[in-house]
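Structural features, examined
Below are the chains, spelled out letter by letter.
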Amino acid sequence: MARAPFPRQRPSGPAPRRGRESPGQGRTLWCGGTFVRRAAFPGGAAAARDGRHGSGPVCWGTPAALAALLLLLLLGSARRLRRGRAGSRGGARGGRALVLTAHPDDEAMFFAPALLGLRSAGAAPAVLCCSAGNYYNQGEIRKKELEQSCCVLGIPASDVTVIDHRDLPDDPAVEWDTQLLATLVLEHIEAKNINLVVTFDAGGVSGHANHISLYKAVRYLHSEGKLPEGCRVLVLESVNLFRKYISFLDVLISCLLPRDALFILTEEETEQAKKLK
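The present account deals with the structure reproduced in this document. Just so it is clear, the model here is predicted, and its values are computed rather than measured.

Looking only at helices and strands, the chain features 10 helices and nine strands. In the chain, which comprises 277 residues, the share counted as buried stands at 46%. Carbon and sulfur atoms make up 55% of the accessible area of the chain, which totals about 14,000 Å².

So, in structure tokens, the structure goes:
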């Protein structure tokens, strides 16, 4: 398809901690540290616009003009954030969301803001982890850590599922079989009456082959029309290192882009997410 209604989620902050990982046009969703953008299949983000400062004599009016421009950007961003927050809370309420991850700890490193935001919006998020994370032969330990992490995020163990399939190994060099993975994911979506799926994009955020496999499986389900009617998808958008490391300064850039919805964590939710460290 030339285009599909898949927003992409852009994480801000430091790169993932796992040593074995390297770091469309549409609308954007800010998830209190995570940005989401509507994607097109195949992927391709809108080009960034570069601003240039003109050269010339320095005058007292220049700092004032720059300060006024910055103030306007801040005010505009605040208005857009408020509108986005209202839209997302209303759109997610009453649904059932599924966060689709590849390994235990993905839910904490990549999706914690989205999980907390969806939960507060009434979307009753569940987590489907497609491997036990047994790359270092610690699968059983990591499965327990996943349940503990989800408990901190307010997700009960009954809503946390791990697919420990021999053909879906935790390995950054292995791309999982698309049709096998799509079949397993679709069974879970139908069993849980899911109407919103959140997962990685084509870049996998860190470039991990298992992350990318999730995107390909969900894209396959979408392009083949196999997702249940009304089931939407959000994907976590991979961004360059510059955007990752400019921290809160990225808010101004991202808020200039249109988006679908917005989740802003409350102070209480922020403290809750910090417990995952």
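Attention now moves to the nonpolar core. Generally speaking, nonpolar side chains in soluble globular proteins are found buried as a group. Residues Leu100, Phe111, Leu181 and Leu214 are the most contacted members of the largest nonpolar core, which totals 48 residues. Breaking this core down by element, the ones donating at least two residues are β4 (97-101), α3 (112-120), β5 (126-129), α4 (139-152), α5 (178-191), β7 (196-200), α7 (209-223) and β8 (232-236). Not counting the four nearest positions on each side in its chain, Leu100 is found in contact with Phe111, Leu128, Cys130, Val185, Val197, Val198, Thr199, Phe200, Leu214 and Val218.

Burial analysis of β4 places five of its five residues in the buried class, which makes it a mostly covered element. In β4, alternate side chains face the same way, and those of Ala97, Val99 and Thr101 on one face and Leu98 and Leu100 on the other are all buried. Where β4 and β7 come together, three bridges link them in parallel fashion. Residue pairing for β7: Val99 is matched across the bridge by Val198. Judged from the four bridges that link them, β4 and β5 form a sheet pairing that is parallel.

Time to look at the packing of aromatic side chains. The full count for this structure, using the stated rule, is four aromatic pairs. Between Phe110 and Phe200, the ring centres sit 5.3 Å apart and the planes meet at 80 degrees, which makes this aromatic pair edge-to-face. With a gap of 90 residues between them, Phe110 in the loop between α2 (106-109) and α3 and Phe200 in strand β7 connect regions that are remote in the sequence. Residues Phe110 and Phe200 agree in their burial class; the two are buried. Between Tyr135 and Tyr136 the ring centres are 4.9 Å apart and the planes differ by 85 degrees, which places this aromatic pair in the edge-to-face class. By way of ring pairs, the aromatic residues Phe110, Phe111 and Phe200 are connected into one cluster.

On inspection of all chains with the given rule, the structure shows six salt bridges. Put simply, Arg142 and Asp105 hold a salt bridge, and the shortest N to O gap is 3.1 Å. Of the two residues, Arg142 is situated in helix α4 and Asp105 in the loop between β4 and α2; the sequence distance between them amounts to 37 residues. For Arg142, a relative accessible area of 8% gives the class buried. Under the relative-accessibility criterion, Asp105 is labelled partly exposed at 21%. Here Glu175 ties to Lys216 by a salt bridge, and the two come within 2.8 Å at their closest N and O atoms. Residue Glu175 is located in the loop between β6 (160-162) and α5, and its partner Lys216 is located in helix α7; the two are separated by 41 residues in the primary sequence. The exposure class of Glu175 is partly exposed, given its relative accessible area of 46%. Using a relative accessible area of 27% as the deciding quantity, one classes Lys216 as partly exposed.

Negative phi is the rule for most residues except glycine; trans is the rule for most peptide bonds. Positive phi outside glycine occurs at Ala124, with the angle close to 45 degrees. Tracing the chain through its elements places Ala124 in the loop between α3 and β5. With a relative accessible area of 38%, Ala124 lands in the partly exposed category. A positive phi is found at Val205, a non-glycine position, where the angle reads about 65 degrees. Among the structural elements, Val205 can be located in helix α6 (residues 204-207).

Turning our eyes to something else, we now look at the packing of α3 against helix α10 (residues 267-274). Direction vectors running N to C along α3 and α10 enclose 140 degrees, while the axes themselves pass 10 Å from each other. One finds that α3 runs oblique with respect to α10. Of the two elements, α3 crosses α10, and the hand of that crossing is right-handed. The residues of α10 that touch α3, namely those facing Leu116, Arg119 and Ser120, are Glu269, Gln272 and Ala273.

Cut-offs used in this document
Residues numbered from 1 in each chain as written. Predicted model: local features only at pLDDT ≥ 70, side-chain atom pairs only at ≥ 80, totals over all residues. Heavy atoms only, no water. Helix = DSSP H or I, 4+ residues; strand = E, 2+ residues; numbered from the N terminus. Buried < 20%, exposed > 50% of the residue type's maximum accessible area, 1.4 Å probe, protein only. Areas by Shrake-Rupley, 256 points an atom, 1.4 Å probe, with all protein chains shown as cover. Core = buried A, V, L, I, M, F, W, Y, C linked by side-chain atoms within 4.5 Å. Contact = heavy atoms within 4.5 Å. Pairing = 2+ DSSP bridges. Phe/Tyr/Trp six-rings, centres within 6.5 Å; stacked < 30°, edge-to-face > 60°. Salt bridge = Lys/Arg side-chain N within 4 Å of Asp/Glu carboxyl O. Axes fitted to C-alpha atoms, helices over the stretch in contact; angles between N-to-C directions. Parallel < 35°, antiparallel > 145°, perpendicular 65-115°, else oblique. Left-handed = near helix turned anticlockwise from the far one by under 90°.

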